[in-house]
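So the chains spell out like this:
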Amino acid sequence: MDPEIAALAGTAGTTVVTLMATHAWESARDGVVALWHRFQPARADAVRAELEAGREDLLMAQEAGDTASEAELTAEWQARLRRLLLARPEAADALREVLDELAPSLPAEAGTQIRLQAHASGTARVYQAGRDQHITER
């Protein structure tokens, strides 16, 4: 499997589940459902219902102090999104757009994960940093 697809699905699944218990839930749900409407329209209504059920499960689990349920739900949505991307690779750009729209709504602690990716060829150089970077070349 393409590592980029796996990473994108992982980020997206984590984002969706993280936002299930926030004020941005409706935006997250609507973005994911719109993705399915566009790329697998026959499944969109079922996905909406599964997202709503997942949110209810998550909220009950959080009230009970059950942290395992959140991890299971995250893995479940990562797998669903990965399967969508494998079936419809052209959905990757649309999913990235949804994630970009949702990024400002993520809680501060959820935003600490940094993912960098670069492709270089020939004699190209790539410099990446999660924050400040100072390069001195002569």
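Each remark here, short or long, concerns the structure printed above.
The text that follows walks through the structure, step by step, so that each part is easy to find. Worth saying up front: this structure is predicted, and the values here are computed from it rather than measured.

Details of the packing of helix 3 (residues 44–64) against helix 4 (residues 68–87)
Phase 1: Axis separation between helix 3 and helix 4 bottoms out at 9 Å; the angle between their running directions is 160 degrees. Viewed along their axes, helix 3 and helix 4 adopt a mutual orientation that is roughly antiparallel. Between helix 3 and helix 4 the crossing geometry is left-handed. Contacts from Val47, Glu50, Leu51, Gly54, Leu58, Ala61 and Gln62 in helix 3 reach Ser69, Glu70, Leu73, Trp77 and Arg80 in helix 4.
Phase 2: Tallied by class, the residues present in the contact of helix 3 with helix 4 amount to six nonpolar, three polar and three charged.

Some words on the nonpolar core
Phase 1: By size, the foremost hydrophobic cluster in this structure holds 32 residues, and its most contacted members are Met20, Trp36, Leu51, Trp77, Leu85 and Leu95.
Phase 2: If you list the elements that add at least two residues to this core, you get helix 1 (3–19), helix 2 (25–39), helix 3, helix 4 and helix 5 (91–102).
Phase 3: Once residues lying within four places of it in the same chain are set aside, the contact partners of Met20 are Trp25, Leu51, Gly54, Arg55, Leu58, Leu73 and Trp77.

The rules we used
- Residues numbered from 1 in each chain as written.
- Predicted model: local features only at pLDDT ≥ 70, side-chain atom pairs only at ≥ 80, totals over all residues.
- Heavy atoms only, no water.
- Axes fitted to C-alpha atoms, helices over the stretch in contact; angles between N-to-C directions.
- Helix = DSSP H or I, 4+ residues; strand = E, 2+ residues; numbered from the N terminus.
- Parallel < 35°, antiparallel > 145°, perpendicular 65-115°, else oblique.
- Left-handed = near helix turned anticlockwise from the far one by under 90°.
- Contact = heavy atoms within 4.5 Å.
- Nonpolar A, V, L, I, M, F, W, Y, C, P; charged D, E, K, R; others polar.
- Core = buried A, V, L, I, M, F, W, Y, C linked by side-chain atoms within 4.5 Å.
- Buried < 20%, exposed > 50% of the residue type's maximum accessible area, 1.4 Å probe, protein only.

Take it as geometry only, folks, not as evidence of what the structure does.
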